[in-house]
Structure formats: C-alpha cells, structure tokens
Amino acid sequence: MATSSRAGRVRKTPTAMPAPEPADPGTTREWPGASNALGSEPSAYLRQHAHNPVHWRPFGDEAFAFAAARDVPVFLSIGYAACHWCHVMAHESFEDQDTADYLNAHFVAIKVDREERPDVDSVYMAATQAISGEGGWPMSVFLTPEGLAFHAGTYFPPFPQPGRPSFRQVLEAVHEAWLERRDAVEQNARGLAAGMADAQLATAVSLDRPPEVIHRSMLSEAVRVLARSEDPDGGGFGGAPKFPPSAVLEFLIRHAAVPSDTSDAARDMAGRTLAAMARSALCDQLDGGFARYSVTADWSVPHFEKMLYDNAQLLRAYVHWVRLRGDWVLPAGEAAQVASRAADWMLDSLGMGDSAAPDGLASSLDADTVVDGVHHEGASYLWTPESLDAVLGPGDAAAVARLMNIGASGTVSALGSPLHPGRQLTGAESRLWNRVRPDLRAARSARPQPARDDKVVAGWNGLAIAALAEAGAVLDRPELIAAAESVAAYLVRVHWRPATGSGASKPGVPSSGAQVLIRVSHDGVARGISGLLEDYAFCAEGFLALYAVTGHRRWYGFAEELIRGACVRFVVDGRLSDSVGESAQVFNAQGQHPGLDPFDNAAPSGAAAFAGVLLSYAAYSGSHEHRAMASNILSLLPPIAGRAPRGAGWLLATAQAAVAGPVEAAVSGPAGRKQRELHRALLASPSPGMVVAVQGEESGEEGPVKEGADDGALPEIGVMEPEVPLLEARTAAADGSPQVYLCRGMVCDLPLGSVEELEQRLVAMTEN
C-alpha cells in the first residue's frame, strides 16, 4: 500500500498505458445507463479501470445525483496510475465479477485520480485518517449522496486477514448499516464533517491582520526536534516505510548556510540523508532519478514508482547541496553527479515530445512492469547474479554483484534485487562501475518498461522548471535551462487559459482577471479543474527561478500574473484556501468551510509554497502588502515548528529566507563576460531565498548564463516584458562596466564590481 552529460545516453521509450478494453457491463443492469463510464476519460489511471465489470463513474454531480436517485451510498475509490497496491486491489476485487455485481447493485462506484483531483483526495484522506487511523492509496471511502464520509479505509484484501476484513465483508457491512441504521450513519457523517470544519477553522490564515515576527530561535528549535527523529545510520527520519524528506532537506540546507549554534547539526542531517539516498536503491544507479519511497529503513528496497514531483524536489535539493559546497559525508562532486543524472532521467523519461525541448513533463512511471501479461513490481529494475553474468561475463558480474548487493535470493521478488552500493565507492570501485554501467543500462533498456502516465500537471511542472533552471546554472549545463524554458512556454501556451465567459485574450497572453491556470493537460489540451493554490504557487516559483537564471523578464511577468491571480482566487474575506470550491460534495465533506492544509505531503503544501513566492515577489517588487501576506502565512509555524517540523519543511525553509532578508541582488550594466561572471557568482551562493535580477535581458537575447549554448530562439509565446522594480535606478559603474547592488528591503549597500568583493560581501550578509 502506498502511504501518505547527455551525450551517449540511451533514450528508453516508456510503455504506453494500455488502451482500455471494451467495458464489460456486468450482470447488474437494474438502472438505465448503468455501465462502466471511464473509457473516454483522459486520465490514464481512470482508463486502467475502464475494462472493470464495476460500473465506475468519474467524480462529479452526475454520479452523486445517480446515487441520490437510487437512494444508495457512494463507494469512492481514489488512487493514481503508478500505485502498485492500486493495481493489486483492482486485480483482486474490481476485476472480480461477483464483487462487481454486489458493488453495482448496492452502491454507485466513483473512481478518482488523486493527481488530477488533489482537492478531492485531500478532504477524503483527512476523513479516512479520522475514521480508520490510517491513510494511503488505494483509498476506499463510503459517502452519502451529499458527499459526506461515514466509513473509510485503504486497501482491503479479497479474503479476511488478521486485523483487516475482506472487501466483500466491508461492502456487506456498509450496505447493512445503510439499510438498518441509516439515521446513525448520517448523524455520524454530519459529525465528522463538523469536526473537519472545526479543524479548518483552527488552521485558518487571516491575511488582513498585522503579521507576526519569526524568531531565529524557533528555527533552531525545529532543527533540534528534527534531530531527535533522525535515523543517523540510515539517513532520513523515522523508520520504515521511509520517504525522501524533500521539503525538510531544503530547510536544513538553508539553515546550514547561516551560522548559528544549530547550523552544523542541520548540515550534518542534510548530508547524511542526501548521501544515504544517493547510494541506495531509492536512487536508480543506472539511469538516475528516485523512486517514491523505501519499504526498508536503509533505503534498500524501494517502492518503484518514479514521480515527477519527487524528482523535481530532490534534483533541487542536491543542487542546493552543491551550492553549500558539500562536506566529507557527501562531497559536492558526487552530489553534482547525482543531480545531473536525475535531470537527465527527468527529461529523457518524462519529457513529452523532444526531450531537449519538451512539451511539458509527464507525471510518473509505474511501479509495476507488465511481463507476459502479469504485473511485477519493479521488474525492469531487478537483477540476479545470472542476469549480470549474461551481460558482463563472469569476472565483472561477480565483482558488480558484490559491489551492488545482488545476491542469490532476491530482496524484492524472485526476479532479483535492485542495484545499489549502500556506501561511498572507492576509486577502483568507481572505475569499475563507470566501465560497466553503459552495458547494464543498455541491457535494461531492452527489457519491458514500466508504463508512463502522460498527463501534465501544472504545479509539478512548475517545480521541475525551478529545479532544471537552477541545475543548469549551478552545474554549468545550459541545455537544462533551455529545457526549463521549453516547459515554461508549454505551461503558458496550454495551461494558461481564458476564464469561462471572460472574453479574455488569446491563450498564452496573460491578462489580469481574464485568465486561469488549468491544472492538467493531456495530449497538449488542457481540461478539467482550474489550478489549486499549489499549482499557482509552484508555477510562480518556477517562473521566478527561471527569471533569476535567464534574466528574461517575461518569466517574471508570468509569475507576477499568477501571484496576482492567486490573491484574487484563493483569498476570500481575508482568509486563504487551497481551492475555490470546485465541488459541492467536497465542500459538504469539510463542513462547508474552505480548507487550507498547512502541512507538506509528498510536495510542499500550497500555503507554504505561496508564502515562499509572496516573499520572493515582495523582494523583487518592494510590495509591503505581499511581504505582509507571506508573514501572515508564516504565522502557522509557531505551533508546528517545535511539535511537527517534519510536516512543515517548506514553511520552515521560507521562514529561514525571511529571517535572512532575503538578500536582493540587482546586476546592472551591459550584458557580456563580466556581467555573466557576477551573475554566476550570485547563482552559486547558498544565501537562503536570495532573489536575483539582471539588467539588459530582453526576449530573444542570449541569457547571462547561456554563453556557448546553441539554444536557438526562445519558445514562441505571447511576449510581455514588465519592468522589475528591483532594477530601477541601478546604474552601471562610472566606466560603464557591470556591478551588483546587494539589498535588503530595497535598501542597498554600495555596488560591487568584482566577483571576489561580491562573494565576501555575501558571506558577511549571511552572518549578520
């Protein structure tokens, strides 16, 4: 169960999600139109279930109206395409005709792709955890026709197991309760909704009150609390299953950059975790990229789905570790190699169309690989001594088996074990591995490959834009910056759409109040719900990072439009919410109060990410209003930082930037070699949350860090070149040469003209 250099590379073609077979209507057809309705859905996850005999419907008013007309409860099943246990429950229960007949006769069955509808997933996950004490996917929730949850769980097996009833037993018990104890069922459902409303009120953020001051001592206390839950031997926090703590790593790296009595502890924790993951089976040692999580505390047995949102965040974390200069636990050079391979994997395996100039990035690769018609978890990634011998011959095969922990008994299944050293390699071991790795990668690429979920999620692509842009700058790989610009152009061209009935201008040319961000696209067409707060925040974060790296003001302009749009859409009566009420049923389930979840999940919370972009935008624009909004969101931290910092990593990272200023850097003067050198020095600085603005970079010009790159013209989208207030009145030196103004709150020091002076001053500002 899932719980809460590019030269010479082999480009694998991910297996397409299988086309749905004709829907089997089953045997229960008491109601007109009863059939499986998922065959025409764009979601790969929903189409995976289009051949089930269950009469699935997509989430929407029609399905709930059907339940009301039949006076039966709703069975809501939530999962995602790469989820192994979702496949297991589908095969065991949803493909079983007898189970489907019972489900169709007594319920209306609704399928939800949690990646398309995180608003639905979030609310019913909270209900599931409140009811059952556990959460994960597949999520199984029973609802009234109004959308109120009254019973829930996760995976249910086909036969009873110790402590867990079978799915059929659950269905029969819920049906009996609906018929015999209806009043109690509905009363409990209303009580749960009221409790969720109270919880929402407790975490409400008022954006129109005086902001609170964040103290450095609170951040140090969060580091101490994190240290108590760290696994110092295996890296990471807590025990198995163990997830990459991406947002917490960002906080620790930022905290380590600022001298304090806890900065060394923060550096050590971040380094141990990054090193352990890089050398483990969580990291694909052949092709790069990271799996979703490990089922073991030492990261040796991963759960093999590979998600865009994980890899975007981890790519950025390793790049920021390189900026911090690394340490003996994880040298900066090794971290740079891990980051470079992760970026290559992301573009090669998830890039839509041309991997060098992708039309967006796909969501994930499946955990399972279908071999001879049978799903096998991780089959593409597993090796045995015999399979190594077949590729490398007996001498190298035996050495690699010892080095990469491939034994006679598979750690995952009879198909074998994943390659991983579990420690730092010696020089001789590195030479051996670098010699055999191309042959092993080529052999693996010839195997059946996991399926890819091709939907493009706006927010996750925003995370990837930031990661690719910064990786390109820090690792000196301009082609990654070009790829980031291509992804950004796709989001503007496809996902930034006229609001319904607004009479807005053509797609891709933002106009305040006339455009909305659509969360998901399929095959180059945006459809479905508008973006949630996290989508707006992640995309704005990506565009601001891309502006800092390229100096192209169009990206600053698009970020500005997204931030303004989010302030209109997600702030009602002075309160911030995660969504704008896409569904009456979701609104009912949370007690008819708008919801805001302050805690990070697999990605940063929308509130935390929005606080971060508000802080950065205020630094660029000088807006006191947006700075105050960021500070108000950070008021969520005091009760969380010392109690549950593992769930508030991005809020803590944003608070660390706020305490540091953040530093505002404006590069003035003409483009050229000296300006590029000053710009690169700024981008290599670990100063927490520092914003960087560069003069003289109009659309179509060579960006300041792109010297020597053959990137061609910028992607074709509507051009807007707003002025960046941070650059106003920032003049070149008296001799006309470039110089840098370092500021806080738009108050600047005397400008600096050399890289050496700049680096020294940045260190001094970090220490103050």
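Residues numbered from 1 in each chain as written. Predicted model: local features only at pLDDT ≥ 70, side-chain atom pairs only at ≥ 80, totals over all residues. Heavy atoms only, no water.

Caption draft 1: Highlighting unusual backbone geometry. In this structure, Pro241 follows Ala240 across a cis peptide bond, with omega equal to -10°. Relative to the assigned elements, Pro241 resides in the loop between α8 (216-229) and α9 (246-256). A cis geometry characterises the amide bond from Gly661 onward to Pro662, with omega recorded as -10°. Here Pro662 lies in the loop between α24 (649-660) and β24 (664-668). One non-glycine residue, Asn405, lies in positive phi territory at about 60°. Along the chain, Asn405 falls in the loop between α14 (394-403) and β16 (417-418). (Helix = DSSP H or I, 4+ residues; strand = E, 2+ residues; numbered from the N terminus.)

Caption draft 2: Fine view of the sheet that holds strand β8 (residues 149-153). In space, the five strands of this open sheet follow the order β3-β5-β4-β7-β8, with mixed pairing throughout. Because the sheet does not close on itself, it has two edges, and the strands there are β3 (57-58) and β8. Direction of pairing for β3 relative to strand β5 (residues 108-113): parallel, over a ladder of two bridges. Counted as the bridge partner of Pro58 is Lys111 from β5. Here helix α2 (residues 61-70) sits on the sheet and contacts β3, β4 (74-79), β5 and β7 (139-143); the angle it forms with β5, its principal contact strand, is near 165°. (Pairing = 2+ DSSP bridges. Contact = heavy atoms within 4.5 Å. Axes fitted to C-alpha atoms, helices over the stretch in contact; angles between N-to-C directions.)

Caption draft 3: Local environment of the sheet that holds strand β26 (residues 739-744). Ordered in space as β25-β24-β26-β27, the four strands form an open sheet in which the pairing is mixed. In the strand order of this sheet, the two ends are held by β25 (691-694) and β27 (747-748), each with one partner. Against the sheet, helix α21 (residues 606-621) makes contact with β24 and β25, and its axis sits at roughly 40° relative to β25, the strand it touches most.

Caption draft 4: Local environment of the environment of Leu678. Structurally, Leu678 can be placed in helix α25 (residues 673-683). Judged by its relative accessible area of 1%, Leu678 is buried. The spatial distance from the C-alpha of Leu678 to the C-alpha of Leu752 is 9.4 Å, given a sequence separation of 74 residues. Excluding anything up to four places from it in sequence, Leu678 contacts Pro738, Gln739, Val740, Gly753, Ser754, Val755 and Leu758. (Buried < 20%, exposed > 50% of the residue type's maximum accessible area, 1.4 Å probe, protein only.)

Caption draft 5: Inspection of the packing of α25 against helix α26 (residues 755-767) at higher detail. Across the interface, α25 lies against α26 with an axial gap of 10 Å and an inter-helix angle of 20°. The orientation of α25 with respect to α26, classified from their angle, is roughly parallel. Of the two elements, α25 crosses α26, and the hand of that crossing is right-handed. Along the contact surface, α25 presents Glu677, Leu678, Ala681 and Leu682, while α26 presents Val755, Leu758, Glu759 and Leu762. Along the lines of polarity and charge, the residues of the contact of α25 with α26 split into six nonpolar, no polar and two charged. (Parallel < 35°, antiparallel > 145°, perpendicular 65-115°, else oblique. Left-handed = near helix turned anticlockwise from the far one by under 90°. Nonpolar A, V, L, I, M, F, W, Y, C, P; charged D, E, K, R; others polar.)

Caption draft 6: Representation of the pattern of salt bridges in the model. Applying the stated rule across the entire model yields 35 salt bridges. The partner of Glu62 in a salt bridge is Arg57, and the shortest N-O contact between them spans 3.2 Å. Here Glu62 falls in the partly exposed class, since its relative accessible area comes to 49%. Given the relative accessible area of 7%, Arg57 is considered buried. Asp231 serves as the salt-bridge partner of Lys242, at 2.8 Å between the closest nitrogen and oxygen. (Salt bridge = Lys/Arg side-chain N within 4 Å of Asp/Glu carboxyl O.)

Caption draft 7: Region of interest: the pairing of strand β13 (residues 368-371). Bridging between β13 and strand β14 (residues 374-377) involves four bridges; their strand directions are antiparallel. If you follow Asp368 over to β14, its bridge partner there is Glu377.

Caption draft 8: Highlighting the confidence of the model for the protein chain. Put simply, the protein chain has an average pLDDT of 90, and 91% of its residues get 70 or more. Across residues 501-512, confidence stays below pLDDT 50; counting only partners more than four residues off in sequence or on other chains, it has 30 contacts. Counted against residues more than four places away or in other chains, residues 697-702, with its pLDDT under 50, gives 22 contacts. (pLDDT = per-residue confidence, 0-100.)

Caption draft 9: Empty space enclosed by the protein, seen in detail. Estimates place the volume of the largest cavity at around 420 Å³. Forming the walls of the largest cavity are 29 residues, and the residues nearest its centre are Arg316, Glu470, Glu541, Gly689 and Met690. Looking at the lining of the largest cavity, the elements that each hand over two or more residues are α9, α11 (308-323), α16 (458-474), α18 (533-550), α21, α24, α25 and β25. The element contributing the most residues to the lining of the largest cavity is α18, with five residues. (1 Å grid on protein atoms, 1.4 Å probe; cavity = no way out; pocket = protein on both sides within 12 Å on 5 of 7 lines; lining within 4 Å. Points joined across faces, edges and corners; volume = space filled by probe spheres on them.)

Caption draft 10: Summary view of α11. Between the first and last C-alpha of α11 there are 23 Å, a value that for 16 residues agrees with the 22 Å anticipated at 1.5 Å per step. With 16 of 16 residues buried, α11 is to be regarded as a mostly interior element. Positive backbone phi, at 80°, marks Arg325, one or two positions downstream of α11. (Expected span 1.5 Å × (residues − 1).)

Caption draft 11: Seen up close, the state of the cysteines. Enumeration over the complete set of coordinates arrives at two disulfides. One disulfide bridge connects Cys83 with Cys86, the sulfur atoms lying 2.4 Å from each other. As the torsion about the S-S bond is roughly 80°, the Cys83-Cys86 disulfide counts as right-handed. We note that Cys83, like Cys86, is buried. Two residues share a disulfide in this structure: Cys743 and Cys748, whose sulfurs sit 2.0 Å from each other. Sign of the S-S torsion, about 90° for the bond between Cys743 and Cys748, identifies this disulfide as right-handed. According to the relative accessible area criterion, Cys748 is partly exposed, its value standing at 25%. Numbered by order of appearance in the sequence, the disulfide-linked cysteines of the protein chain pair as 1-2, 3-4. (Disulfide = S-S within 2.5 Å.)

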